[in-house]
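Observations on chain architecture
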Amino acid sequence: MNYWAEVMQDDAYIVAIDGWKAEPYRILLKNAKGKDVDKGWTCDLLPPAIIIDAFFADKKKAIEQLESDREALAAQLEELEEANGGEEGFFSLLEKVNKAFVQKRLKEIDKTAKDEIKVLEEYLNISEKSSDFNGKIKEAQEDLDKLSFNQYKKLSEKEIKELVVNNKWMNAIETSVKTEMDRISQRLTQRIKELIERYESPLPQINKEVEALEAKVNAHLAKMGFSFA
């Protein structure tokens, strides 16, 4: 019901008014000066993500791999900073750990400080690779953006119907149902665990434990002068 109220109801209205048409449009927002700023594009009935998954999954996967490689480089930089930080680390002499200050330090450093030079050069090498990945990712994203935008012009009414019904509506409903089933399954599993823990000990054993504890309490009370006669 939530998906109907949030998405399908609007989609049904669009189809009822305009038919099975998927027409992308630019997103224009006014800035502080009142001028329209282009924030990209979208399509209400058939979002770009569905077009990408249906026609350009390989290019999407390639971008994800580039992003993964860039994250790996970022992790290497972080490890390098941690290993050479602190008061006695090579980066302690830098005003700030970034490419500009590392390059400046390399120009000032004594050439005999081979260990420090090695660390600084490694930092610059990783930074350079990371910058290259930024450029590659941006270029790939721009290419994918153009391809997906132009794909709308090639879609037939039949393709639009199939993509909206199967790839958008049915996928969303299936995901929602699966999520709800997983949630219910987890709750049932947790409840079963609680019941198992609660009734793990048989009643006769529990009674014996209660009697033993009661005897200990009575013994302590007797020592304190209480009488049970």
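Preceding this section is the structure that the text describes.
Here is a short report on the structure shown in this document. (Residues numbered from 1 in each chain as written. Predicted model: local features only at pLDDT ≥ 70, side-chain atom pairs only at ≥ 80, totals over all residues. Heavy atoms only, no water.)

On to the packing of aromatic side chains. Scanning all chains against the criterion turns up five aromatic pairs. A centroid spacing of 5.7 Å and a plane angle of 90 degrees characterise the contact between tryptophan 41 and tyrosine 152, whose relative ring orientation is edge-to-face. With tryptophan 41 in strand S2 (residues 36-42) and tyrosine 152 in the loop between helix H5 (114-151) and helix H6 (157-198), the pair connects residues that are 111 residues apart, well separated along the chain. Judged by relative accessible area, tryptophan 41 falls into the buried class, the value being 9%. Taking relative accessible area as the criterion, tyrosine 152 reaches 5% and is therefore assigned buried. With centroids separated by 6.4 Å and ring planes inclined at 50 degrees, the aromatic side chains of phenylalanine 55 and phenylalanine 56 adopt a geometry described as tilted. Given a relative accessible area of 31%, phenylalanine 55 falls into the partly exposed group. We classify phenylalanine 56 as buried; its relative accessible area is 10%. Taken together, the ring pairs in this structure connect Trp41, Phe149 and Tyr152 into an aromatic cluster. Positioned above the aromatic ring of phenylalanine 133, the side-chain terminus of lysine 136 is 5.4 Å from the ring centre. (Phe/Tyr/Trp six-rings, centres within 6.5 Å; stacked < 30°, edge-to-face > 60°. Helix = DSSP H or I, 4+ residues; strand = E, 2+ residues; numbered from the N terminus. Buried < 20%, exposed > 50% of the residue type's maximum accessible area, 1.4 Å probe, protein only. Lys NZ or Arg CZ within 6 Å of the ring centre and 35° of its normal.)

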